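The primary structure of each chain is shown beneath.
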Amino acid sequence: MTSTGVTLQTQNHGNRWTSAVIPALLIHVSIGTVYCWSVFKQLIADQLGAAPATVEWGFSLAIFFLGMSAAFLGPMVERDIKRSAIISLVCFVVGFAGTGVSIAAGWLPGIFIFYGVIMGIGLGVGYLTPVKNLMLWFADNKGLATGIAVAGFGLAKAIASPVMEWLINTTGLVNMFYILSVVYAIAMFLGYLTIKRPQGYVYKEENRISRKVLIKKPVFWAIWLAFYINITCGLALISQEKDILHDVLKGLPKYASLDSHAFAIAAAGFIGTVLAVDALFNAAGRMGFSTLSDHTKRRETSYVVIFVMSIAVCLLQVFTHSIQLGLMIPILIMLFLVNAGYGGGFSTLPVLLEQHFGMKSVSTVHGLALSAWAIAGLSGNQLASFVVTHATDTAHRYAALMPILAVLYAVALVSILLVMRKTPARAAVAE
């Protein structure tokens with residue numbers, strides 16, 4: 001760490017929670033509710049008389065514009081954190097409230113425009129905004145700091161889902177969007193008011209890596225590929241886990257004897273519990289793997305652990321035939337650990353990029369790397385759907401995913417091992 005980095009951290013030790021951590025959580029816990037889509041997706045389809053598969057494009061577009069807005073607006077976040085915070089607030093809140101207006105008007109394209117495009121831009125800018133700021137304030141524990149914020153993004157679903165369901169049941173679907181728009185506007189405005197750079201930080205244009213230079217560097221694309229595969233595999237599995245659990249439960253003696261109504265209730269309770277534990281593992285992975293990177297010689301070590309772990313749990317399914325035989329314990333181990341690795345990949349990315357490209361350009365580089373998220377948001381679900389649809393054994397169609405995911409994780413592992421051969425351009429420096 002440079003002496004400047006030490007000075008920034010020491011002088012502002014007492015303020016970094018209110019100037020970095022709390023605003024980061026206010027922003028990320030708000031925008032992270034994009035993952036609550038499954039709570040109201042079917043309700044939107046029913047109210048608009050549209051096919052669920054068509055409505056699903058609202059979510060896909062939101063993730064796509066999240067990644068692409070981060071890729072293109074990273075330099076703006078680098079220059080002016082206050083401006084990026086307010087842009088995120090306006091786009092996210094307008095997009096969320098506009099979704100409610102579109103539902104009330106029965107206008108399906110409005111879902112794509114407001115939830116997909118406008119809210120998606122707010123997501124991308126808001127996701128980037130706190131990250132570099134946390135790394136500046138926590139110069140000695142960058143991984144832990146980014147893990148805190150990104151864990152907030154991951155936990156948002158667990159926090160907001162029951163609130164959304166309660167509001168839908170008590171006030172209606174459209175009013176849920178209006179009420180929460182106000183709540184998120186207040187939370188993100190407080191984040192905008194309190195977020196600030198450490199005292200002494202000055203933005204300087206010189207020595208910052210340009211995107212034209214960045215895309216010519218093989219090490220960037222190796223990191224991009226590893227990140228992309230981790231998201232694609234995670235989404236491929238996560239998008240199918242409800243159906244996997246449902247099919248396995250149907251074959252268990254305890255559930256097979258139940259009538260359809262009793263089975264639906266019992267299965268919903270079990271699956272709901274598993275999904276809640278998934279969220280905890282996702283958040284723990286976001287905190288744990290980024291923190292691990294603080295205590296290893298190379299940040300890539302966290303990704304190596306993630307990919308080795310993910311390969312192992314996928315191969316466990318292949319060799320034990322757990323899905324075919326209805327062995328719930330190996331299936332749960334796989335779901336929980338893949339969720340942890342999925343979350344850890346997000347939180348470790350910014351500090352890994354900082355290791356190779358320096359702190360001065362981290363928002364720009366991180367934003368461009370998040371384009372992998374945009375593309376994976378479109379490819380992950382489709383990969384799983386294609387494999388499951390074309391499986392030769394339709395009774396155990398989800399088992400066909402396991403060897404494919406294991407191979408893809410192996411490619412990601414090779415990619416990150418190649419990154420480790422590259423000497424970091426700037427290791428753990430601060431401005």
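Residues numbered from 1 in each chain as written. Predicted model: local features only at pLDDT ≥ 70, side-chain atom pairs only at ≥ 80, totals over all residues. Heavy atoms only, no water.

Colleague: Give a detailed account of helix α6 (residues 81–105), specifying residues and quantitative values.
Modeller: Because an α-helix completes one turn every 3.6 residues, residues spaced three or four positions apart along the sequence face the same direction. Here α6 spans 36 Å end to end across 25 residues, near enough to the 36 Å set by a 1.5 Å rise per residue. At the C-terminal side of α6, Gly-106 shows a positive phi close to 70°. (Helix = DSSP H or I, 4+ residues; strand = E, 2+ residues; numbered from the N terminus. Expected span 1.5 Å × (residues − 1).)

Colleague: Please provide a residue-by-residue account of the state of the cysteines, values included.
Modeller: Linking two cysteines covalently through their sulfur atoms gives a disulfide. Counted according to the given criterion, the structure contains zero disulfides. With no disulfide partner, Cys-36 has as its closest neighbouring cysteine sulfur the one in Cys-91, 20 Å distant. (Disulfide = S-S within 2.5 Å.)

Colleague: Summarise the packing of aromatic side chains; cite the residues concerned and give the values.
Modeller: What the rule picks out here adds up to 28 aromatic pairs. With a centroid separation of 4.9 Å and 5° between ring planes, the pair formed by Phe-281 and Phe-336 is classed as stacked. With Phe-281 in helix α14 (residues 260–294) and Phe-336 in helix α17 (residues 328–357), this pair connects stretches of sequence that are 55 residues apart. Assessed through its relative accessible area of 30%, Phe-281 is described here as partly exposed. Overall, Phe-336 belongs to the buried group, its relative accessible area being 14%. For the pair Tyr-342 and Phe-346, a centre-to-centre distance of 5.2 Å together with 80° between the ring planes defines the contact as edge-to-face. Residue Tyr-342 and its partner Phe-346 are both found in helix α17; the two are separated by four residues, about one turn of the helix. For the pair formed by Tyr-342 and Phe-346, the shared burial category is buried. Over the aromatic face of Tyr-192 sits the side chain of Lys-82, whose NZ or CZ is 5.0 Å from the ring centroid. When the ring centre of Tyr-201 is taken as origin, the NZ or CZ atom of Arg-197, which lies over that ring, is 5.2 Å away. (Phe/Tyr/Trp six-rings, centres within 6.5 Å; stacked < 30°, edge-to-face > 60°. Buried < 20%, exposed > 50% of the residue type's maximum accessible area, 1.4 Å probe, protein only. Lys NZ or Arg CZ within 6 Å of the ring centre and 35° of its normal.)

Colleague: Would you mind going over a nonpolar patch on the surface in detail, with residue names and values included?
Modeller: There is a patch of nonpolar side chains on the surface, built from Val-182, Ile-186, Phe-189, Leu-190 and Leu-193 and spanning about 460 Å² of accessible area. When you line up the elements, Ile-186 lands in helix α9 (residues 173–194). (Patch = residues over 30% accessible without salt bridge, like charges linked within 9 Å, V, L, I, M, F, W, Y side chains within 5 Å. Areas by Shrake-Rupley, 256 points an atom, 1.4 Å probe, with all protein chains shown as cover. Salt bridge = Lys/Arg side-chain N within 4 Å of Asp/Glu carboxyl O.)

Colleague: Go over the pattern of salt bridges, please, and point to the residues and values.
Modeller: All told, the structure shown has five salt bridges when counted by the stated rule. When the shortest N-O distance is used, the salt bridge between Arg-299 and Asp-294 registers 2.7 Å. Residue class for Arg-299 comes out buried when judged on its relative accessible area of 9%.

Colleague: Lay out the nonpolar core in plain terms, naming residues and giving numbers.
Modeller: Ranked by size, the top nonpolar core spans 117 residues in total, and within it Phe-40, Ile-44, Met-176 and Trp-373 carry the most contacts. Contact partners of Phe-40, with chain neighbours within four places excluded, come to Tyr-115, Met-164, Ile-168, Leu-173, Met-176 and Phe-177. (Core = buried A, V, L, I, M, F, W, Y, C linked by side-chain atoms within 4.5 Å. Contact = heavy atoms within 4.5 Å.)

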